[in-house]
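Chain by chain, the residues run as shown.
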Amino acid sequence: MENFYEEVQEPVSPPGQYFNSSVFCSYVFSFLETAIPIDESPAITLLKDVFLPINPRFSSIMVRGRDGKMRWKRVEVKPAEHVKIPIFPDKTSSELYDQYLSDYVSRILTERTPQNKPLWEIHMIKYPTINAAGTIIFKLHHALGDGYSLMSALLSCLQRADDPSLPLSLPSRALSHSQYAKKSLFKKLPSDISSFCSSISDFGSSLMKAKMTKDDITPIRSGYEGTDSQPFTLSNISLSLDHIKGIKSKLGVVRLARSCYVNFVNRLN
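Only a predicted model underlies this, so the values are computations on that prediction, with no experimental measurement involved.

Colleague: Run through the overall build of the chain, naming residues and quoting values.
Modeller: From N to C terminus, the chain includes nine helices and six strands. The burial tally for the chain puts 26% of its 269 residues in the buried class. In the chain, the share of contacts with a sequence separation of at least 24, taken over all contacts with a separation of at least 6, comes to 69%. Carbon and sulfur atoms make up 58% of the accessible area of the chain, which amounts to about 19400 Å² in all.

Colleague: How would you sum up the sheet that holds strand 1 (residues 27-34)? Please name residues and give values.
Modeller: Strands belonging to one sheet form pairs held by backbone hydrogen bonds; the direction of such a pair is parallel or antiparallel. Within the open sheet, the four strands sit side by side as 1-6-5-4. Their pairing is mixed. The open sheet has two edge strands with one neighbour each: strand 1 and strand 4 (83-84). Judged from the two bridges that link them, strand 4 and strand 5 (residues 120-125) form a sheet pairing that is parallel. Bridge pairing links V83 to I122 in strand 5. Sheet contacts for helix 4 (residues 94-109): strand 1, strand 4, strand 5 and strand 6 (134-141); angle to strand 6, the most-contacted strand, approximately 10 degrees. Each of strand 1 and strand 6 touches helix 5 (residues 147-155); the most contacted strand, strand 6, lies at about 135 degrees to it.

Colleague: Quick one: what's the story with the pattern of salt bridges, residue by residue and with numbers?
Modeller: Considering all chains together, one arrives at six salt bridges under this definition. In this structure, R71 engages D67 in a salt bridge whose closest nitrogen and oxygen atoms are separated by 3.3 Å. Overall, the relative accessible area of 47% leaves D67 in the partly exposed class. Two residues, K117 and E81, come together in a salt bridge whose shortest N-O distance is 3.3 Å.

Colleague: Quick rundown of the nonpolar core? Include the residues and the values.
Modeller: In this structure, F51, F58, W72, W120, I122, L140 and L144 are the most contacted members of the largest nonpolar core, which totals 25 residues. Broken down by secondary-structure element, the contributors of at least two residues to this core are helix 3 (43-51), strand 3 (70-74), strand 5, strand 6 and helix 5. Once you skip the residues sitting within four places of it in the chain, L144 turns out to touch N55, R57, F58, W72, L119, W120 and L150. Y97, I108, I125 and I137 belong to the second largest nonpolar core, which has nine residues in total.

Colleague: I'd like a rundown of the layout of surface pockets, residues and numbers included.
Modeller: Of the volumes computed, that of the largest pocket is approximately 830 Å³. Lining the largest pocket are 27 residues, and of these L32, L46, I136, F138 and L158 lie nearest its centre. Of all the secondary structure elements, the ones that give two or more residues to the lining of the largest pocket are strand 1, helix 3, strand 5, strand 6 and helix 5. Residues of the lining of the largest pocket, tallied by class, amount to 20 nonpolar, four polar and three charged.

The rules we used
Residues numbered from 1 in each chain as written. Predicted model: local features only at pLDDT ≥ 70, side-chain atom pairs only at ≥ 80, totals over all residues. Heavy atoms only, no water. Helix = DSSP H or I, 4+ residues; strand = E, 2+ residues; numbered from the N terminus. Buried < 20%, exposed > 50% of the residue type's maximum accessible area, 1.4 Å probe, protein only. Contact = heavy atoms within 4.5 Å. Areas by Shrake-Rupley, 256 points an atom, 1.4 Å probe, with all protein chains shown as cover. Pairing = 2+ DSSP bridges. Axes fitted to C-alpha atoms, helices over the stretch in contact; angles between N-to-C directions. Salt bridge = Lys/Arg side-chain N within 4 Å of Asp/Glu carboxyl O. Core = buried A, V, L, I, M, F, W, Y, C linked by side-chain atoms within 4.5 Å. 1 Å grid on protein atoms, 1.4 Å probe; cavity = no way out; pocket = protein on both sides within 12 Å on 5 of 7 lines; lining within 4 Å. Points joined across faces, edges and corners; volume = space filled by probe spheres on them. Nonpolar A, V, L, I, M, F, W, Y, C, P; charged D, E, K, R; others polar.

Interpretation in functional terms is not warranted from these geometric data alone.
This is the structure we're talking about:
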């Protein structure tokens, strides 16, 4: 049975090979902030019993077969080798811990995971920051899956605090597409035309930028080639939801965005 299992190894998809090539390497990072200090003692057990069984690729490495094609090969996983707990200077303020965390994340963003081990790591930051008592960073190679599948896998590992027997659920609100469905065809027509014209305009703009024009020089885009291989620093900014709503209102895109969303949900249904 073991010989048969070795022969029937899952091939690595072309995007997976591209994401893990000598010229390009891409990871998906997920940050989980905790309201209480992190206790790493159950981490190994949770990884063995909950995390690894979710996807066989979490227990696999990339190997090249006799036919020259890349395949996923199951290996023995030692979870302790994938859990990283950094040590920061002790007895300092939350503001300084924020800076230490930012510097640490900037460093691990550019580091490759070993190719002889499954392509994932978990970093546990046991120091309080301004926003949390602790931070858990999941570093998953993009070859393991896309962002949606990896986030679904991580969310499936979590449990509800009020009732662990119930599946995890995210806050939601009643969709407004029911009111949209009650409208007559004549009342729906203006919003449908507006959404259609907006989609055509966005598509044309994207096509022109891809084929005919270049993006403008901005603080984010310098225009210099080769910057992707240079060191960089992680920066972030927090905006309140009310602030974002105010910006959208001044730009006059609230009604258009809502119309596009309702039309999209309607098509899904």
